[in-house]
Every structure is written in C-alpha cells, then in structure tokens.
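# Analysis of the macromolecular model
For reference, the chains in residue letters:
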Amino acid sequence: MHDHHCLPGAPIIAIGLGKTFGKRTLWHDLTFRIEPGQMIALTGPSGSGKSTLLNIIGLLDHATAGTLKCGPDDLTAMNPRHARLFRKRTLGYLFQDYALIDNADIEQNLDVAMHGTANRQDRQDRISRALDRVGLNGREHDPVYRLSGGEQQRVALARLIVKRPGVILADEPTGALDHDNADMVVHTLRDMAENGGVVIIATHSDHVANACDDTIQL
Ligand SMILES: Nc1ncnc2c1ncn2[C@@H]1O[C@H](COP(=O)(O)OP(=O)(O)OP(=O)(O)O)[C@@H](O)[C@H]1O
C-alpha cells in the first residue's frame, strides 16, 4: 500500500459490500466499479442506506462485509494516519450540514481546503474563480453564520472547487436549492467528473439522476 493517498484517476471498487445494524441488513453483496470521469447517482427509498454508503466510502463509517477500494488502496483496512491523509487529500464532501466553520468568513473557509497550495496569490485566484462560479463573488468577507442555507451550500460547493478532490461524495446536494442553483450544482459536479474525479450523488431527484452517467439503486 502506498503511503500517501489515492491518486486522482483511481476507480472506486466495491466487491460484496454489506452493511448491517444489529439484526437489520441495509444491503449485502453490493458490487460496483466507478471510473474516474464518471458521475453516478445513488438512489433508493428513504432509509435504504444512501447516506450510509456515502459515509462508508468517505471513511466516516464501516462496512460490515466485503471490500471497498480506491485504486490499490483498501478503504476497509486503512490505518488511522492513512485514513486522515486520504480524507484531507482525496475526499471531497458535499453533505447536508455543509460542515463550514461558522464564525470564519467565506474566504477563510475556502482557504483551509487548499492544503497543498503554498502560493498566496494562486490561492486567492482560485477562491475568486470558485466564488464567481457559485455566484458569491464579492462576498469573501461575509461570516458564514450570516449566510442563508442555500448560500452556505454554495460555499461548500466553492470549497470543493478550490480543493479539487479526486473523489466527490454529495448527499442530496440540490435539496435546499432553487432550480437555477440546483442546475449550477449539477453542472459543477459534472465538471469535476470531467476533470478526472469520481462523483457520487445520493439523490431523490430524477432530474439529478438523469444528469448522471449511471445509477446505483439501493
Ligand atoms: N448508527 C446507526 N445505528 C442504527 N441504525 C442506523 C445507524 N445509522 C443509520 N441507521 C439506519 O440505517 C437506515 C439507512 O439510513 P440512511 O440515512 O443511510 O438512509 P438514506 O437512504 O440516506 O435515507 P434518506 O433518503 O431518508 O436520506 C435508516 O433506517 C437508519 O435509521
């Protein structure tokens, strides 16, 4: 196993993946392969385990059976240090709680996502382009606690744009948004796939699922 992280360009591979809580089985024997460049919808009724599967791929929960890999890296058997680096360098989350730093401003929230970029001017250019993309240019110094839910979701999207992760996990990313902003989110996630990312979107929206290359139905 290599020491640092799953390089962008690696597929996500599940073989016989299972998850049970006590006596309840959410799914067993889930097998799929998602190639870099693909945007995949994760669908299924409420309670079918979409968020749980995203959490397992995102190293926030564990499968109870099977194997999950990102390229050569076995995600079901990572030591804590490797898991921390994988989260920091390879994973990008777009989850419902946004996980932003509330009392920091938008720029600070984006800046912390760019671990690998030492050059300050380069970081600022990337922040500016990302905020343009999500329609929040000029709002760099607004504190996050003062933003609306939809604005916070767009900051979370901008944070992904500046981070450029190889694996993007999105849980109902269009849930709180109006039609135009929902389209903007889907197009941005599509761009990330086209740049070589693996994009996995848990969604109840047929519109979002139709914009994806394929569907994993739970
Ligand atoms: N830690 C846990 N212990 C026991 N059961 C859990 C735990 N976490 C999740 N579950 C159960 O697993 C099931 C799947 O939950 P999950 O949130 O993954 O579903 P979902 O498909 O994302 O649902 P929704 O579409 O409603 O968001 C739920 O019934 C939930 O109660």
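Relevant structure appears above.
Residues numbered from 1 in each chain as written. Predicted model: local features only at pLDDT ≥ 70, side-chain atom pairs only at ≥ 80, totals over all residues. Heavy atoms only, no water.

### Here we look at the overall build of the protein
From N to C terminus, the protein includes seven helices and nine strands. Taking 2.2 N^0.38 as the reference for a compact globule, 218 residues should give roughly 17 Å; the C-alpha atoms of the protein span a radius of gyration of 17 Å, in line with that estimate. Dimensions of the protein, computed from the C-alpha atoms along their principal axes, are close to 50 × 40 × 30 Å. The buried share among the 218 residues of the protein stands at 52%. Within the protein, residue pairs in contact and separated by at least 24 positions form 72% of the contacts whose partners lie at least 6 positions apart. About 10400 Å² of surface is accessible on the protein, with carbon and sulfur atoms providing 46% of the total. (Helix = DSSP H or I, 4+ residues; strand = E, 2+ residues; numbered from the N terminus. Rg over C-alpha atoms; globule rule 2.2 N^0.38 Å. Buried < 20%, exposed > 50% of the residue type's maximum accessible area, 1.4 Å probe, protein only. Contact = heavy atoms within 4.5 Å. Areas by Shrake-Rupley, 256 points an atom, 1.4 Å probe, with all protein chains shown as cover.)

### Side note on the pairing of strand E4 (residues 65-70)
One ladder, built from five bridges, connects strand E1 (residues 12-21) with E4; its direction is antiparallel. Across the sheet, residue Ile-12 finds its bridge partner in E4, namely Cys-70. Bridge analysis of E4 against strand E5 (residues 73-74) gives two bridges, and the strand direction is antiparallel. Paired with Lys-69 across the bridge in E5 is Asp-74. Here E4 folds back onto E5, and the loop between the two strands holds two residues, one of which, Gly-71, carries a positive phi near 55 degrees. (Pairing = 2+ DSSP bridges.)

### Notes on the site of the ligand
Taken together, the neighbourhood of the ligand is formed by Phe-21, Arg-24, Leu-26, Pro-45, Ser-46, Gly-47, Ser-48, Gly-49, Lys-50, Ser-51, Thr-52 and His-204. The separation between an oxygen atom of the ligand and a polar side-chain atom of Ser-46 is 2.7 Å. Protein contacts shield 56% of the accessible area of the ligand, which totals 640 Å² for the unbound molecule. Elements that contribute at least two residues to the shell around the ligand include exactly strand E2 (24-34) and helix H1 (50-57). Among the elements that line the shell around the ligand, the one with the most residues is H1, at three residues. Residues belonging to the shell around the ligand are distributed by class as follows: three nonpolar, seven polar and two charged. (Near = heavy atom within 4 Å. Polar contact = N/O pair within 3.5 Å; in protein donor to acceptor, adjacent residues only side chain to side chain. Nonpolar A, V, L, I, M, F, W, Y, C, P; charged D, E, K, R; others polar.)

### As for the nonpolar core
Core analysis: the largest hydrophobic core is formed by 37 residues, its most contacted members being Met-39, Leu-94, Leu-110, Leu-131, Leu-189, Val-199 and Ile-201. Looking at this core, the elements that each hand over two or more residues are strand E3 (39-43), helix H3 (106-111), helix H4 (120-133), helix H5 (149-163), strand E7 (167-171), helix H6 (179-194), strand E8 (198-202) and helix H7 (206-211). It is H6 that contributes the most residues to this core, seven residues altogether. The contact partners of Leu-94, leaving out residues within four places of it in the chain, are Gln-153, Ala-156, Leu-157, Leu-160, Leu-169, Ala-170, Asp-171, Pro-173, Val-185 and Leu-189. Ile-56, Cys-70, Ala-83 and Val-167 belong to the second-largest nonpolar core, a separate cluster that totals 31 residues. (Core = buried A, V, L, I, M, F, W, Y, C linked by side-chain atoms within 4.5 Å.)

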